[in-house]
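# Descriptive analysis of the structure
Listed below, chain by chain, are the residues.
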Amino acid sequence: MEFRPNPQRTPPPNPDLPLDQARQPVTQAKVVLEARGLVKRYGHVTALDGADFELREGEILAVIGDNGAGKSTLIKALSGAIIPDEGQIILDGKPVHFRSPLDARRYGIETVYQDLAVAPAMTIAENLFLGREILKPGLLARLLRVIDKKRMLEEATNSMKDLKIGIRSMSQAVETLSGGQRQGVAVARSAAFARHVVIMDEPTAALGVKEGNMVLELIRRVRDRGLPVIIISHNMPHVFEIADRIHIQRLGRRAAVVNPRRISMAHTVAVMTGAMSPEELSPDELAH
Amino acid sequence: MAEQRSPGTVPTPRRLLERLPSITVLGPFVALLLAVLFFSAQSDRFLSGQNFSLILQQVLVVGVLAIGQTLVILTGGIDLSVGFVMALGTMVMTKFAVELGLPPLLSVLCGVAVTTGFGFLNGLLITRVKLPPFIVTLGTMNIAFALTQIYSKAQTVTGLPDALLFWGNTFRLGETVITYGVVLMIALYLLVWFLLSETAPGRHLYAVGNNPEAARLMGIPTQRVLLLTYTVAGLFYGIAGWLLVSRTSVGDPNAGQTENLETITAVVLGGTSLFGGRGMILGTLLGAIIVGVFRNGLTLTGVSSVYQVLITGVLVILAVTADQLSKRRG
């Protein structure tokens, strides 16, 4: 597989402005990933009940919802981990059918899993390229699938440098890293290979305050390189700090998409838990 | 993570320190060195090329079996069927050649096919029926033992054709006489070392042993890797069988009784973790040689063989303790 940095698709934010002014929510941006009327039933339980979803170019979209609202089922459908019973998933305007996470990955959708899916005894470079190693050229080398360690090391160093993850040596084992640095490796891996979308499941859940902030910064850098990011999180301050729009999932459907720059955390939680109906929100609070 | 340094800078002392092999890598070397020093002081016959050649011949069969065992243990599994599967393979080779009169090389091929088939069977039961490797290989161990006894009627096969004995042939290197079998063993170790460290399937084997879930999520066909590992292990048991026949010149239905523990001993002494995902194939060769050196040295110094078994047991427990402690720390 060819390893290439992602081209800049959206201009980086103006560094002279505070972040919320520098990045106005992009209303006219192209829709990258869309889902219409997704239904998923497990026996008598309906996890998704006609859920819609829309991810736009160059944004960080947070997906929040109470337990049982169907947010993880929604994300699993988008990352290929489950196959929905009904509904449509549309990537770049074309309907797609994911049979497995590998399938979704072939379409350029990378997922960072909550439980830090890394092989701790292996090196950072090996983890970055796990399952898609760079092979040496030549017939015999191809046949034996001989890996090009030197190139993998170089590419790993470059991609970690791009994301400003200051790890000295790519040949050290992942287990020598802190939790935040490990998450950094997982994020760098997905950012390096994703062509369309990065999905992050609770990326800051296992981390302390400082490391959590570091990962948030990293996620912004991924977006600023032009990759839209879907982030699932229970951590409301983190969601409000990082998201461009917030998708509120409730009772298996999308209740509302809100603008974190205008809505309060209290209103967001109220809609999420059903204490407030989405209709009660002012148009200003909704994302367009 | 705050600071950022460019790669390829001058190695600082700390970077050099990180490159030093860890204790699990150095451990086997140190143990071997100490044992060699000790026995050299105890017996003047110990430190000679001829004696080392002998030690290598003595560890030959266990050494090749332990290649398969290392592959299996690296995936986080274990293979208890090693010895008896090899024994069944040797019976097929010798009886096919002597009693059925098949061409010797074809007989060898049949024997290796049987051991490889057993490896494949182990792999199938582990990946498809999802049984634990310990139970599966305990079962196939007994099946292989029983089949060996039934097929051979507990009779030793003698009068083997030369081709079956090929690996027992020798050549001279200066004063030292070396068998081709020893050369084959070392060649096999180097080959597997290359495959494990330099190829994608080799790295996948480590990943499957280290974190199967992560490996699966990264798109590695973990079940296929496991199936292939057990099958290839079976192939090595067949080759070890041929080496055994070459060394003993008979097909012995009672072979393979002690090899299970001996291969696990070699793997563990060589610094490979029983938890999977960590270790080196060349460490296993060292581990096998360490056991051989202790056996040989204790014999030369006139210590009863019961003590050799005792010391092997102590060594294994020490090695596993080191493994467990390093896991707890990490």
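Residues numbered from 1 in each chain as written. Chains lettered and ligands numbered in written order. Predicted model: local features only at pLDDT ≥ 70, side-chain atom pairs only at ≥ 80, totals over all residues. Heavy atoms only, no water.

For chain B, the name recorded in an unreviewed UniProt entry is Ribose import permease protein RbsC, with Calidithermus terrae as its organism. Per UniProt, chain B has the following entry under Subcellular location (unreviewed entry): "Cell membrane". (UniProt positions renumbered as here; feature names shortened; annotations may be inferred.)

### Points about the overall build of chain B
Secondary structure summary: chain B contains 13 helices and two strands in total. In terms of overall size, chain B behaves like a compact globule, its C-alpha atoms giving a radius of gyration of 21 Å where 330 residues would be expected to give roughly 20 Å. Based on the C-alpha atoms only, the size of chain B along its principal axes is roughly 75 × 55 × 35 Å. Going through the 330 residues of chain B one by one, you find that 50% of them count as buried. Restricting the contact set of chain B to residue pairs at least 6 apart, pairs at least 24 apart contribute 76%. Carbon together with sulfur atoms contributes 69% to the accessible area of chain B, which is approximately 15,200 Å² in total. (Helix = DSSP H or I, 4+ residues; strand = E, 2+ residues; numbered from the N terminus. Rg over C-alpha atoms; globule rule 2.2 N^0.38 Å. Buried < 20%, exposed > 50% of the residue type's maximum accessible area, 1.4 Å probe, protein only. Contact = heavy atoms within 4.5 Å. Areas by Shrake-Rupley, 256 points an atom, 1.4 Å probe, with all protein chains shown as cover.)

### Some thoughts on the packing of aromatic side chains
For the structure shown, the criterion picks out eleven aromatic pairs over all chains. Residues Phe98(A) and Tyr107(A) carry aromatic rings whose centres are separated by 5.4 Å and whose planes lie at 55° to one another, so their mutual orientation is tilted. Under the relative-accessibility criterion, Tyr107(A) is labelled partly exposed at 35%. One aromatic cluster is present, built from ring pairs that chain together Phe38(B), Phe39(B), Phe46(B), Phe52(B) and Phe294(B). Just above the ring of Phe193(A) sits the side chain of Arg132(A); from NZ or CZ to the centre is 3.8 Å. Sitting over the face of the ring of Tyr151(B), Lys95(B) holds its NZ or CZ atom 5.2 Å from the ring centroid. (Phe/Tyr/Trp six-rings, centres within 6.5 Å; stacked < 30°, edge-to-face > 60°. Lys NZ or Arg CZ within 6 Å of the ring centre and 35° of its normal.)

### Concerning the pairing of strand E10 (residues 253-258) of chain A
Residues and elements named next belong to chain A. Pairing of strand E9 (residues 245-250) with E10, which is carried by five bridges, proceeds in the antiparallel orientation. Pairing of Gln249 across the sheet is with Arg254, part of E10. Remark: two residues form the turn of the hairpin made by E9 and E10, two consecutive strands paired antiparallel; Leu251 in that turn has positive phi of roughly 50°. (Pairing = 2+ DSSP bridges.)

### Digging into the packing of helix H4 (residues 82-98) of chain B against helix H6 (residues 133-152) of chain B
Residue and element names in this part refer to chain B. Orientation of H4 relative to H6, taken along the N-to-C sense of each, is 25°, at an axis distance of 8 Å. Judged by the angle between their axes, H4 and H6 are roughly parallel. Where H4 crosses over H6, the handedness of that crossing is left-handed. Residue-level contacts link Phe84, Val85, Ala87, Leu88, Met91, Val92, Lys95 and Phe96 of H4 to Met141, Ala144, Phe145, Leu147, Thr148, Tyr151 and Ser152 of H6. (Axes fitted to C-alpha atoms, helices over the stretch in contact; angles between N-to-C directions. Parallel < 35°, antiparallel > 145°, perpendicular 65-115°, else oblique. Left-handed = near helix turned anticlockwise from the far one by under 90°.)

### Things to note about the pairing of E9(A)
All names here are of chain A. Judged by how many residues are buried, E9 sits mostly within the fold: five of six residues are covered. Where strand E3 (residues 60-65) meets E9, five bridges bridge the pair, whose relative direction is parallel. If you follow Gly65 over to E9, its bridge partner there is Gln249.

### A short note on the pattern of salt bridges
Note on pairing: side chains with opposite charge can pair once their charged atoms come close. Applying the stated criterion across every chain yields a total of 22 salt bridges over all chains. Across the pair Lys40(A) and Asp85(A) runs a salt bridge whose closest N-O atoms are separated by 3.7 Å. Separated by 45 residues along the polypeptide, Lys40(A) in strand E1 (residues 31-42) and Asp85(A) in the loop between helix H2 (71-79) and strand E4 (86-91) bring together distant segments of the chain. Exposure remark for Asp85(A): the relative accessible area of 41% places this residue in the partly exposed category. Between Glu175(A) and Arg278(B) there is a salt bridge whose closest N-O contact spans 2.9 Å. (Salt bridge = Lys/Arg side-chain N within 4 Å of Asp/Glu carboxyl O.)

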